[in-house]
Amino acid sequence: MAQMTYAEAIRDGMRVEMKRDPNVYIYGEDVGIFGGCFGVTAGLYQEFGPERVIDTPISETAIVGSAVGAAAAGLRPIAEVMFVDFMGVCMDELLNQAAKMRYMFGGKARLPMVVRTPCGAGMSAAAQHSQSLEAWFTHIPGLKVVMPGEPADAKGLMIAAIRDDNPVIYIEHKQLLNMAGEVPEGEYVVPLGKADIKREGSDVTIVAWSWMLQKALAAAEELAKEGISAEVLDPRTLVPLDKEAILKSVGKTGRLVIVHEAVRTSGFGGEIAAIVAEEGFDLLDAPIKRVTAPDTPIPFSPVLENAYLPSEEKIIKAVKELF
Amino acid sequence: MELTKEKLLDMYKTMVRIRTFEMKAAELFAAGKLPGFVHLYAGEEAVATGVCANLTDKDYITSTHRGHGHLIAKGGKIDLMMAELFGRTTGYCKGKGGSMHIADVDLGILGANGIVGAGQPIATGAGFACKYKKTNNVAVCFFGDGASNRGTFHESLNMASIWKLPVIFVAENNMYGISNYQKNHMNVTDIADRAAAYGIPGVTVDGNDVIAVYEAAAEAVARARKGDGPSLIECKTWRHRGHFEGDPQVYKKPEEQEAWLKKDPIPRLEAKLIELKYASQADLDAIKADVQAEVEAAVRFAESSPLPNPDDVFTDVYAD
Ligand SMILES: Cc1ncc(C[n+]2csc(CCOP(=O)(O)OP(=O)(O)O)c2C)c(N)n1
Ligand SMILES: [Mg+2]
């Protein structure tokens, strides 16, 4: 084990795979000498050289579109899109190309590509640099969607994403980049589609991912002081989704609160709630609750952004409403 | 519009206003008083000023993440801008937008923008509206060298050219998109060369010479108002500061920075004004002192303005 930040863990995952497989390369805006807008690729240009860590023009359409072509032609690109908010620019390349090629071609193509992109609010970056758009990608069969909530998972899921033969959207959270934790060394793989119980409990299941995992854990700690034992489950990947783990946990606790930073309407929390309602209705002792951002764009002023974001207090309040 | 003494002094004041505003923003950001990101326009003042001096309040502009200069040159009020940087209710966007989203639709300012290249089709649409309504107004699109590589650049110039829309595309070539040097992100030296692909005029001018910018823009604006369609003007310039405040600028060569600081557009215009006997050094100092006082007043206005109410999160999502 080594002590690493979430950003270092992502980088370590990429480095391990780049050393192992010469077909893995990184490209995106300012990923080279600049080390990426948030420093995640720092040092990789020096280590692997300009052939494998490549600065691109500001051309997200061609970045992601060419990743599709390069993957179809046998490479394993890791494309960086500087903010998840810019994914709109390359949406056709994901929606109609990456996600569907294999299916449309009758199973004949493999597209081992990763699109890494940071999400999330909390830095007064306002409406076009703070969003959580994971639900968009989960609505497109053919894409996998990964959202690590802590450093070790960030590494293990990165390695799994690179090794996967499908397009994977790997969404990292800006607020977690400096979070430190124990991270296994070498080829540490966290399989896609396996949830993790981050805290055991018996009274209520809180499902949360990405930054909200940390908020849920903090809320669980507070709830414990008041005698409520919360189990915190991180699905870690939304597609594939480990629904058995969710149903099993709800079977144990009888209550479910889902927390996500994305806006409420058509958020992925609705999907989880629907699955539990359809397949685990008998397990529930109380209605399902969601703690999410409201259905508005993200405001700039810190006062407004704080009001906008789901918080520990909002999670605690939602949990208590179930008792 | 003729370049009279009055006009030139007015342009000087605008450039000083932009510089003073930006250096104040840098100071406030370093002191931790401004949330979010700020991208400063210091060094590029001649571009926005020379272009906007040809426009009226009824003409449109689209701006960028580096937008303060465009807004000030188009007549934006610095107290409302400053209040927005502070996230106050009195700011241009009531604290909802911040530096990257300041807009004043009444002045034809269709917003700074956080998405690189997004202004290109928006300006095209504003130009379409001017033509459709036969208002004789124009739309100016400011964007960077980096933004010239977005698909929106190609699609917008093509569309504006086939429909002869009154749009002036102003490429602010400061030679970097964040850390990416121009010769590493495009295969041409002059962005203006790309105009040929759309059959429209393309000129390259010294973007640190406000008179050169003014004259190139005057021609393009006149052409657009006559119904002869869009133009592309490339202004070669340099940002004095990092991409954003706090950028260590590891990618910039110190000798290049040195050389460009010597071409600072403001002292150049001062020398010209003195040479033409349009102003004495004392006159110029008085203008600077005036502007400094305006900017200090804007900061006081911002700092004494109320913070938003948390419930304001929910307003303004839809029109009634
Ligand atoms: C679509 C999109 N891609 C990337 C970014 C991130 N970004 C913000 S500014 C910038 C560089 C822009 O360079 P340029 O157009 O030359 O403008 P300058 O900053 O030099 O004024 C980048 C890459 C963005 N905001 N939007
Ligand atoms: Mg530039």
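Keep in mind that this is a model prediction, so the values were computed, not measured.

### Observations regarding the coordination of the magnesium ion (ligand 2)
All names here are of chain B.
Phase 1 of the analysis: Listed as protein donors to the magnesium ion (ligand 2) are Asp-145 (OD), Asn-174 (OD1) and Tyr-176 (O); their distances from the metal cover 2.0 Å.
Phase 2 of the analysis: When the donor residues of the magnesium ion (ligand 2) are listed from N- to C-terminus, their spacing reads D-x28-N-x1-Y. Here Asn-174 lies in the loop between strand S3 (167-173) and strand S4 (176-177) and Asp-145 lies in the loop between strand S2 (139-144) and helix H6 (151-162), a separation of 29 residues in the sequence. In this pair, the class of Asp-145 matches that of Asn-174, namely buried.

### Details of the sheet that holds S2 of chain B
All names here are of chain B.
Phase 1 of the analysis: In spatial order, the strands read S1-S2-S3-S7-S6; together these five strands make up an open sheet with parallel pairing. For this open sheet the edge positions go to strand S1 (60-62) and strand S6 (202-206), each flanked by a neighbour on one side alone. Adjacent strand axes in the sheet meet at a mean angle of 20° when their direction is disregarded.
Phase 2 of the analysis: Set on the sheet, H6 makes contact with S2, S3 and strand S7 (231-236); between it and S3 the angle comes to about 150°.

### Section: the domain arrangement of chain A
Residue and element names in this part refer to chain A.
Phase 1 of the analysis: Partitioning chain A into domains gives domain 1 (2-183) and domain 2 (196-320).
Phase 2 of the analysis: With 29 residues of domain 1 in contact, the opposing surface of domain 2 contributes 25 residues.
Phase 3 of the analysis: Taking both partners together, domain 1 and domain 2 bury about 2100 Å²; carbon and sulfur atoms supply 59% of that area.
Phase 4 of the analysis: Our count for the contact surface shared by domain 1 and domain 2 stands at three salt bridges.
Phase 5 of the analysis: Glu-150 is paired through a salt bridge with Lys-198; the nearest N and O atoms lie 2.9 Å apart.
Phase 6 of the analysis: Scanning the region where domain 1 abuts domain 2 turns up 14 residue pairs in polar contact (both at pLDDT 80 or more).
Phase 7 of the analysis: Only helix H6 (134-138), strand S6 (144-146) and helix H7 (151-163) provide two or more residues apiece to the side of domain 1 that touches domain 2.

### Points about the sheet that holds strand S12 (residues 237-239) of chain A
All names here are of chain A.
Phase 1 of the analysis: Taken in spatial order, the seven strands line up as S3-S2-S4-S5-S7-S6-S12 in an open sheet, and their pairing is mixed. Here the strands that pair on one side only, and so sit at the sheet edges, are strand S3 (53-55) and S12. Between one strand axis and the next, the sheet turns through 20° on average, direction left out of account.
Phase 2 of the analysis: Judged from the three bridges that link them, S6 and strand S7 (residues 168-173) form a sheet pairing that is parallel. Along S7, the bridge assignment pairs Val-145 with Ile-169.

### Observations regarding helix H8 (residues 211-225) of chain A
Residues and elements named next belong to chain A.
Phase 1 of the analysis: Taking 1.5 Å per residue as the helical rise, H8 with its 15 residues ought to reach 21 Å, and the 22 Å between its terminal C-alpha atoms agrees with that figure.
Phase 2 of the analysis: Lining the buried residues of H8 we find S7, strand S9 (196-199), strand S10 (204-208), strand S11 (230-234), strand S13 (256-263) and helix H12 (312-320).
Phase 3 of the analysis: Following H8 by one or two positions, Gly-227 has its phi on the positive side, about 85°.

### Thoughts on the interface of chain B and chain A
Phase 1 of the analysis: The interface is formed by 37 residues belonging to chain B together with 33 residues belonging to chain A.
Phase 2 of the analysis: With both sides pooled, the region where chain B packs onto chain A buries about 2700 Å², and carbon together with sulfur makes up 72% of that total.
Phase 3 of the analysis: Sorting the residues of chain B by area buried against chain A places Phe-37, Ile-115 and Val-313 of chain B first, and these three jointly supply 20% of that buried surface.
Phase 4 of the analysis: The interface formed by chain B and chain A holds zero salt bridges in total.

### Digging into the environment of Val-51 of chain B
All names here are of chain B.
Phase 1 of the analysis: Within the element layout of this structure, Val-51 appears in helix H2 (residues 45-52).
Phase 2 of the analysis: For the pair Val-51 and Lys-74, spaced 23 residues apart in sequence, the C-alpha separation works out to 9.2 Å.
Phase 3 of the analysis: In contact with Val-51, not counting residues within four places along its chain, are Val-140, Phe-142, Val-170, Val-213 and Ala-217.

### Describing the environment of Gly-91 of chain B
All names here are of chain B.
Phase 1 of the analysis: Position of Gly-91 among the secondary structure elements: in the loop between helix H4 (78-85) and helix H5 (119-132).
Phase 2 of the analysis: Put simply, Gly-91 and Lys-77 are 14 residues apart on the chain and 9.9 Å apart in space, counted from C-alpha to C-alpha.
Phase 3 of the analysis: When residues no more than four places from it in sequence are discounted, the contact partners of Gly-91 are Leu-80, Ala-83 and Glu-84.

### Quick notes on the pattern of salt bridges
Residue and element names in this part refer to chain A.
Phase 1 of the analysis: Considering all chains together, one arrives at 42 salt bridges over all chains under this definition.
Phase 2 of the analysis: Residues Lys-289 and Glu-321 are paired through a salt bridge, measuring 2.8 Å at the closest nitrogen-oxygen approach. Residue Lys-289 is located in strand S14 (residues 289-293), and its partner Glu-321 is located in the segment after H12; the two are separated by 32 residues in the primary sequence.
Phase 3 of the analysis: A relative accessible area of 45% places Glu-321 in the partly exposed class.

Calculation notes
- Residues numbered from 1 in each chain as written.
- Chains lettered and ligands numbered in written order.
- Predicted model: local features only at pLDDT ≥ 70, side-chain atom pairs only at ≥ 80, totals over all residues.
- Heavy atoms only, no water.
- Donors = N, O, S within 2.8 Å, 3.2 Å for Na, K, Ca; no water.
- Helix = DSSP H or I, 4+ residues; strand = E, 2+ residues; numbered from the N terminus.
- Buried < 20%, exposed > 50% of the residue type's maximum accessible area, 1.4 Å probe, protein only.
- Pairing = 2+ DSSP bridges.
- Axes fitted to C-alpha atoms, helices over the stretch in contact; angles between N-to-C directions.
- Contact = heavy atoms within 4.5 Å.
- Domains from an automatic or database assignment.
- Buried area = accessible area lost by both parts, 1.4 Å probe.
- Salt bridge = Lys/Arg side-chain N within 4 Å of Asp/Glu carboxyl O.
- Polar contact = N/O pair within 3.5 Å; in protein donor to acceptor, adjacent residues only side chain to side chain.
- Expected span 1.5 Å × (residues − 1).

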